[in-house]
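Summary of structural features
One-letter residues, chain by chain:
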Amino acid sequence: MAEPSKSIDSSGMDEFGYAQTLDRSIGKFASFAAGVSYISILTGVFQLFYFGFSMAGPAYAWSWPLVFAGQLMVALCFAELAGRYPVAGSVYNWAKRLASGTSAWLAGWLLMLSSIVALGSVALALQLTLPQLWSGFQFVGDGTGPYDFAMNGVVLASIMITISTLINAFGVKLMTRINSIGVFVELTAAVLLILALGWHVVRGPEVLFDTAGFGEGHDLGFFGVFLIGAMASGYVMYGFDTASSLGEETKDPKRTAPRAILRAITASFVLGGLILLFGILAAPDLADPKVGSADGGLQYIVLSVLGGPFGKAFLACIVVAVVVCTLAVHAAAIRMMFAMARDNNLPFSRQLSKVDPVRRTPTVAAIVIGILAVMPLLINVTQPAIFTIMSSISIVLIYLSYLLVTVPMLRNRLLKKWPLAADGSEPGFSLGKWGLPVNILAVLWGGAMTLNLVWPRPEIYNSVPPFEWYLQWGGVIFVAAVTVGGALLYRLKIRHQTGVLAEHAAAVAAHPSSGAAQQATPAALDVVDAKVPYRTCSHTSAAGLAVPSGKVDDGTHPSAVVGLSPWRGTRGGPAAPEGRPPLS
């Protein structure tokens, strides 16, 4: 089978040491749509409204602007990075240029696991809507049995993930075309829903300032239950980095990706916040227990307020939103797996990084992600609290991965290593003098929210029988296990093989001294500079570029291909003495 072309082009991928093997066909709206569909206000707001409301009542809505303010700080940092490094596996590749090999690998590992878990939890949202749209979608029992809800959710989610796998495996053009249409439907429906709910408002905004007895008996009072309810908002506003993770497939990515990130999170905040506000103000009876139950929630409010065909039409739009959100989460997970695999940083990397020569998409990664996403669903098939458990774990992992970017970015700012000194390239976005305060706030927010989300609260991790300590601490145990286990896997095995696979290395590079273009030889280089990122001896760089003895190919020369190994490819750090292990 023919390999994807690695001929010289104007894609700019050789700047990062990679060949352009993916299909660069995504435009501005499709890039924006990718970020919007991952956040997916209609999916997230409708999926966990019941949880936030049941924990803290109407006043939980204040968590929405709070989460937006914190995540905006993170998004601004990411936009600055996307303006320089719009490559697949965004968080992973950013961390490579800001931190050590271990923390960069962990950032990619945790975000990949988060996306796999999130893929399942997003697809589960169909259970909250489809049976209310038509009772025939309740395939398991009649919905009244103790496990009917969870088991039927797993059936619907598995079907959705299978469809998503087929679409993503077919190619990015089909995926983005469906995604863009779905996002247009979602945004249109969101605006119409805001107007419809606003027309049916039955109470004033003072209800948002009334704790309504929530928090009584809790150690921290209302603040304690508010922190729990904030998970419902925290679950929605993440994944905006997807626009950059699709950067290798986006036209003019250094300009398009940063703007798509910021527009996606801002549009989601405005529309989602208004739906939340008017949904609470239009609810016929906030004391109705269905408002705070998994089989009711915001869907129940919409059906009660709008009734009949109009209410069901909006529920159909929510289904569309869930579908495109599933596609976007799946696509992001694929790019992360592909990005790590082409650096030989995963088991079976050569297979996982394989790009279909016709469709120019990582087909094997798409199938593997789909299979892995179904597995957590099957494990939790008899768990009635499956939604909150899986949602919580996926959020914790993604917040941790974000911290593995914002923390080293802050460290580099304090050491005057970021922003990068003028190197002849023009960044697509810069925070300028606001970079340091924004970065500090992003780190503080990320740390506080991670701690809040992983805290072993029974309301989240063990809300139904059997009540066992290991279930309540399940989130902490799982996160610790995948973090420590992943670190050991990398330190003991993977770091000794890391290096850009030859079929993905940049095809040509001009030597600074000779000025001649040299063709990389994949037959001679199975893995490019796999073990020693920085040497003081004569060696060959990622693009087959010979570097004289005593020199470090740091990528600073305008004609040099960046990256002896995947680590710190844009600036050469101190050279490692001969015989020393790779950067940790």
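Every value quoted in this text rests on a predicted model; they were computed, and no experiment measured them.

Some points on unusual backbone geometry
For the peptide bond that leads from Trp418 to Pro419, omega is 0°, which places it in the cis range. In this model, Arg360 sits at a positive phi of 55°, which is unusual for a non-glycine residue. Among the structural elements, Arg360 can be located in the loop between helix 15 (349-352) and helix 16 (363-379). The partly exposed category is assigned to Arg360, whose relative accessible area is 28%. In this model, Lys416 sits at a positive phi of 65°, which is unusual for a non-glycine residue.

Digging into a nonpolar patch on the surface
Together, Leu414, Leu436, Ile440, Leu441 and Leu444 make up a nonpolar patch on the protein surface, roughly 450 Å² of accessible area in all. Mapped onto the elements of the fold, Leu414 is located in helix 17 (residues 386-414).

A word on the side chain of Thr250
As for its placement among the helices and strands, Thr250 is situated in the loop between helix 11 (242-245) and helix 12 (253-282). Residue Thr250 is classed as buried on the basis of its relative accessible area of 1%. Looking at Thr250, its side chain comes within polar contact range of the main-chain oxygen of Leu246, at 2.7 Å. Ignoring any residue separated from it by four or fewer positions in sequence, one finds Thr250 in contact with Arg24, Ile26, Ser31, Ala243 and Thr256.

Observations concerning the pattern of salt bridges
Considering all chains together, one arrives at 8 salt bridges under this definition. Put simply, Glu248 and Arg342 hold a salt bridge, and the shortest N to O gap is 2.3 Å. Separated by 94 residues along the polypeptide, Glu248 in the loop between helix 11 and helix 12 and Arg342 in helix 14 (residues 308-342) bring together distant segments of the chain. Arg342 shares its class with Glu248; the two are buried. The salt bridge involving Arg359 is made with Asp356; its shortest N-O contact spans 3.9 Å. Residue classification places Asp356 among the buried positions, given a relative accessible area of 18%.

Brief notes about the confidence of the model for the chain
Per-residue confidence for the chain gives a mean pLDDT of 84; residues scoring 70 or more make up 83%. The secondary structure element of the chain with the lowest average pLDDT is strand 6 (residues 546-547), at 34, and the one with the highest is helix 3 (residues 63-82), at 97. The low-confidence segment residues 508-525, where pLDDT is below 50, has 38 contacts with residues more than four positions distant or belonging to other chains. Low pLDDT (under 50) marks residues 529-584, which in the prediction has 144 contacts with non-local residues, meaning those over four places away or in another chain.

Here we look at the packing of helix 3 against helix 12
It is the contact of helix 3 with helix 12, at a shortest axis distance of 9 Å, that shows an interaxial angle of 175°. As the angle between them shows, helix 3 and helix 12 are arranged roughly antiparallel. Per-class residue counts for the contact of helix 3 with helix 12 are 17 nonpolar, 5 polar and 1 charged.

Points about the packing of aromatic side chains
For the structure shown, the criterion picks out 18 aromatic pairs. Centroid distance Trp105 to Tyr490: 5.6 Å. Interplanar angle 25°. Geometry classified as stacked. A residue pair is termed long-range when its members are at least 10 positions apart, and Trp105 in helix 5 (residues 101-123) and Tyr490 in helix 21 (residues 474-492) qualify at 385 residues. The exposure class assigned to Tyr490 is buried, which follows from its relative accessible area of 1%. Between Phe240 and Tyr402, the ring centres sit 5.7 Å apart and the planes meet at 45°, which makes this aromatic pair tilted. In this pair, Phe240 is assigned in the loop between helix 10 (231-234) and helix 11 and Tyr402 in helix 17, connecting sequence segments 162 residues apart. A relative accessible area of 0% places Phe240 in the buried class. Of the residues examined, Tyr402 reaches a relative accessible area of 3% and is grouped as buried. Ring-pair connections join several aromatic residues into one group, and the members of that group are Phe78, Trp94, Phe240 and Tyr402. Above the face of the Tyr85 ring, Arg97 is positioned so that its terminal group lies 5.1 Å from the ring centre. Above the face of the Tyr18 ring, Arg342 is positioned so that its terminal group lies 3.7 Å from the ring centre.

What counts, and where the lines are drawn
Residues numbered from 1 in each chain as written. Predicted model: local features only at pLDDT ≥ 70, side-chain atom pairs only at ≥ 80, totals over all residues. Heavy atoms only, no water. Helix = DSSP H or I, 4+ residues; strand = E, 2+ residues; numbered from the N terminus. Buried < 20%, exposed > 50% of the residue type's maximum accessible area, 1.4 Å probe, protein only. Patch = residues over 30% accessible without salt bridge, like charges linked within 9 Å, V, L, I, M, F, W, Y side chains within 5 Å. Areas by Shrake-Rupley, 256 points an atom, 1.4 Å probe, with all protein chains shown as cover. Salt bridge = Lys/Arg side-chain N within 4 Å of Asp/Glu carboxyl O. Polar contact = N/O pair within 3.5 Å; in protein donor to acceptor, adjacent residues only side chain to side chain. Contact = heavy atoms within 4.5 Å. pLDDT = per-residue confidence, 0-100. Axes fitted to C-alpha atoms, helices over the stretch in contact; angles between N-to-C directions. Parallel < 35°, antiparallel > 145°, perpendicular 65-115°, else oblique. Nonpolar A, V, L, I, M, F, W, Y, C, P; charged D, E, K, R; others polar. Phe/Tyr/Trp six-rings, centres within 6.5 Å; stacked < 30°, edge-to-face > 60°. Lys NZ or Arg CZ within 6 Å of the ring centre and 35° of its normal.

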